Amino acid sequence: MFTIIWRTIKDRKYSIIVFSAAGVLLLWLYVLLFPAMQEMADDFLKVLEGYPEAFMNMFPITEATFANIENFLAMEQYSLMIPILIIFMLVAMAAVGLAGEVEHGTAEILLSRPVSRLKIFFARYLVGIFALIVFIVASTIMIIPLGELHNVDYILENFISISILCFVFGWAVFSIAIMLSAIFSERSRVYMIMGGLMIGMYVLQIIASISEKWENLQYVSFFYYYDYEKALLDNSLDALNIILFIGVAIICTVVGAYWFNKRDVAVQ
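Residue positions are given per chain, counting from 1 as you read along its sequence in written order. Local features in this predicted model are restricted to residues whose pLDDT is 70 or higher, and side-chain atom pairs enter the listing and the counts only when it is 80 or higher, whereas totals over whole chains, interfaces and linings include all residues. As a rule here, side-chain values cover all heavy atoms of the structure and leave hydrogens and water aside.

What follows covers the overall build of the protein chain. In DSSP terms, a helix is any run of H or I states spanning at least four residues, a strand is any run of E spanning at least two, and both are numbered starting from the N terminus. What the protein chain contains, in helices and strands, is 13 helices and zero strands. Tracing the protein chain from N to C terminus, the helices and strands come up as α-α-α-α-α-α-α-α-α-α-α-α-α. Each residue is assigned to one of three classes by its accessible area relative to the maximum for its type, calculated with a 1.4 Å probe on protein chains only: buried under 20%, partly exposed between the two thresholds, exposed over 50%. By the burial criterion, 46% of the 268 residues in the protein chain qualify as buried. Any pair of residues with heavy atoms lying within 4.5 Å of one another is described as a contacting pair. Of the contacts made within the protein chain by residues no fewer than 6 positions apart, 79% connect residues no fewer than 24 positions apart. Accessible surface computed for the protein chain: about 13,400 Å², of which carbon and sulfur atoms make up 67%. Using the Shrake-Rupley algorithm and a 1.4 Å probe, accessible areas are obtained, with residue cover drawn only from the displayed protein chains.

Right under this line is the structure:
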């Protein structure tokens, strides 16, 4: 199993490096921009006064946004960019890891080894979790050297909280994706279903934030439970949100492992 894990890490290393580099570069960019944005805050807010109310509901930029680095990153980095990068990276890794093997006809070679299907499944699974951890360290915990380098004050405890939230969010997304990868034999189906699911959830969250009539739609969206502001600004994690993400992750992992263990991979 360790051999499979190591081989998979080597095969996916460029993907892990590229996404992690994107995360740390975005963080670095916003840390560099923060002092200048603080100075321009008043002018920027005046420009936003002419924007429609619906836009401001989607992106609630206020004077507080520029008060400290946590507020600024909550709006610029963790509201959308980090979730998108997490989804793209993990869905791709899940799709290639199982469905991709079946689609390319290499699954039979892998399964011919003296290793159980469950070990193969969890080897691919653990590599995805490893990639998620590396990405979170690069895009969040790297605030420590970057903040010190550019003399930007930060609250480490708040960044630990957002790291935990990003992890459970990514864990749930990856578990759904790898379950689909265990069920289907084509990567395109995994991409299509996960893409539709994530976009659908995001649209529902936007609709719920714009109109009180549809506010109950937010409860079926992952993005409602991904409360990045509470984590990064208040150093607080909602237990229900964490339990929900962990519950989804565990259920989908169990279903995916069971399905992959029972399915006939020769059937295309």
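From this point, the discussion proceeds with the structure in view.
Turning our eyes to something else, we now look at the nonpolar core. Core analysis: the largest hydrophobic core is formed by 77 residues, its most contacted members being Tyr78, Ile162 and Tyr226. Leaving out residues up to four positions away in the same chain, Ile162 has contacts with Tyr78, Thr140, Tyr226, Tyr228, Ala231 and Leu232. Among buried residues, the Ala, Val, Leu, Ile, Met, Phe, Trp, Tyr and Cys ones that are joined through side-chain atoms within 4.5 Å form a nonpolar core.

Take helix H13 (residues 239-262) next. Expected helix span is taken as 1.5 Å per residue step, with the number of steps being one fewer than the number of residues. Counted at 1.5 Å a residue, the expected span for H13 with its 24 residues is 34 Å, and the 35 Å between its end C-alpha atoms agrees. Residues of H13 that are buried include every one of Asn241, Ile242, Phe245, Ala249, Cys252, Thr253, Gly256, Ala257 and Phe260, and no others. The term polar contact refers here to a pair of N or O atoms within 3.5 Å; inside protein, the definition further demands a hydrogen-donor-capable atom paired with an acceptor-capable atom, and it admits residues adjacent in sequence only when both atoms are side-chain atoms. Capping the start of H13, Asp238 holds a side-chain oxygen 2.8 Å from the backbone nitrogen of Leu240, two or three residues further along.

Our focus in this paragraph is empty space enclosed by the protein. Only protein atoms enter the 1 Å grid used here. Points where a 1.4 Å probe fits but cannot escape make up a cavity, open sets with protein on both sides within 12 Å along at least five of seven lines make up a pocket, and a residue lines them when an atom lies within 4 Å of a point. Grid points are joined across faces, edges and corners, and a volume is the space filled by probe spheres set on the points. This structure, assessed with the given rule, holds three cavities of 30 Å³ or more. The computed volume of the largest cavity comes to approximately 50 Å³. Lining the largest cavity, in full, are Thr8, Arg12, Met93, Ala94, Gly97, Arg124, Val127, Gly128, Phe174 and Ile178. Secondary-structure elements contributing two or more residues to the lining of the largest cavity are helix H1 (2-39), helix H5 (81-103), helix H7 (117-141) and helix H9 (156-183). By the convention adopted, Pro, Cys, Tyr, Trp, Phe, Met, Ile, Leu, Val and Ala count as nonpolar, Lys, Arg, Asp and Glu as charged, and the other residues, Gly among them, as polar. Split by residue class, the lining of the largest cavity holds five nonpolar, three polar and two charged.

Moving on to a nonpolar patch on the surface. What makes a patch is a set of residues exposed beyond 30% relative accessible area and free of salt bridges, joined within 9 Å when like-charged and within 5 Å when nonpolar (Val, Leu, Ile, Met, Phe, Trp, Tyr). We define a salt bridge as a contact between a side-chain nitrogen of Lys or Arg and a carboxyl oxygen of Asp or Glu at a distance within 4 Å. A grouping of Ile144, Leu156, Ile160, Ile164 and Leu237 is seen on the molecular surface, where their side chains present a nonpolar patch of about 340 Å² in accessible area. Per element, the largest residue contribution to the nonpolar patch is three residues, and it comes from H9. Turning to its location among the elements, Leu237 is positioned in the loop between helix H12 (228-234) and H13. Leu237 gets classed as partly exposed once you look at its relative accessible area, which sits at 31%.

Checked against the element boundaries, Met89 lands in helix H5. Relative accessible area serves as the criterion here: at 0%, Met89 is assigned to the buried category. In the structure, Met89 is positioned 42 residues away from Ala131 in sequence and 8.5 Å away in space, judged by C-alpha atoms. Ignoring sequence-local partners within four residues, the contact set of Met89 consists of Phe19, Ala131, Leu132 and Phe135.

Below, the discussion takes up the layout of surface pockets. By volume, the second largest pocket is sized at about 290 Å³. Every residue lining the second largest pocket is counted, 14 residues in all, and those nearest its centre are Ile87, Phe88, Gly195, Met198 and Ile199. Of all the secondary-structure elements, those providing two or more residues to the lining of the second largest pocket are H5 and helix H10 (187-210). When grouped by side-chain class, the residues that make up the lining of the second largest pocket number 13 nonpolar, one polar and no charged.

A few words now on unusual backbone geometry. Excluding glycine, residues mostly have negative phi values, and the peptide bonds linking residues are mostly trans. Not every positive phi belongs to a glycine, and Asn151 is a case in point at roughly 55°. By secondary structure assignment, the location of Asn151 is in the loop between helix H8 (143-149) and H9. The backbone of Asn235 sits at a positive phi, close to 55°, despite the residue not being glycine. Its relative accessible area of 34% is what places Asn235 among the partly exposed residues.

The next thing to look at is the packing of H7 against H13. Lines are fitted to the C-alpha atoms to define the axes, a helix being fitted only along its stretch in contact, and any angle between axes, read from their N-to-C directions, falls within 0 to 180 degrees. For the pair H7 and H13, the least separation of the axes is 9 Å and the interaxial angle reads 140°. Between H7 and H13, the interaxial angle falls into the category oblique. Regarding H7 and H13, the two cross each other, and that crossing is right-handed. Listed contacts from H13 to Arg117, Leu118, Ile120, Phe121, Phe122 and Tyr125 of H7 are Ala249, Thr253, Gly256, Ala257, Phe260, Asn261 and Lys262. Considering only residue class, the contact of H7 with H13 consists of eight nonpolar, three polar and two charged. Comment on the angle field: the value is read as roughly parallel under 35 degrees, roughly antiparallel over 145, roughly perpendicular from 65 to 115, and oblique elsewhere. In this scheme the crossing of two helices becomes right-handed for a clockwise turn of the near helix relative to the far one and left-handed for an anticlockwise turn of less than a right angle.

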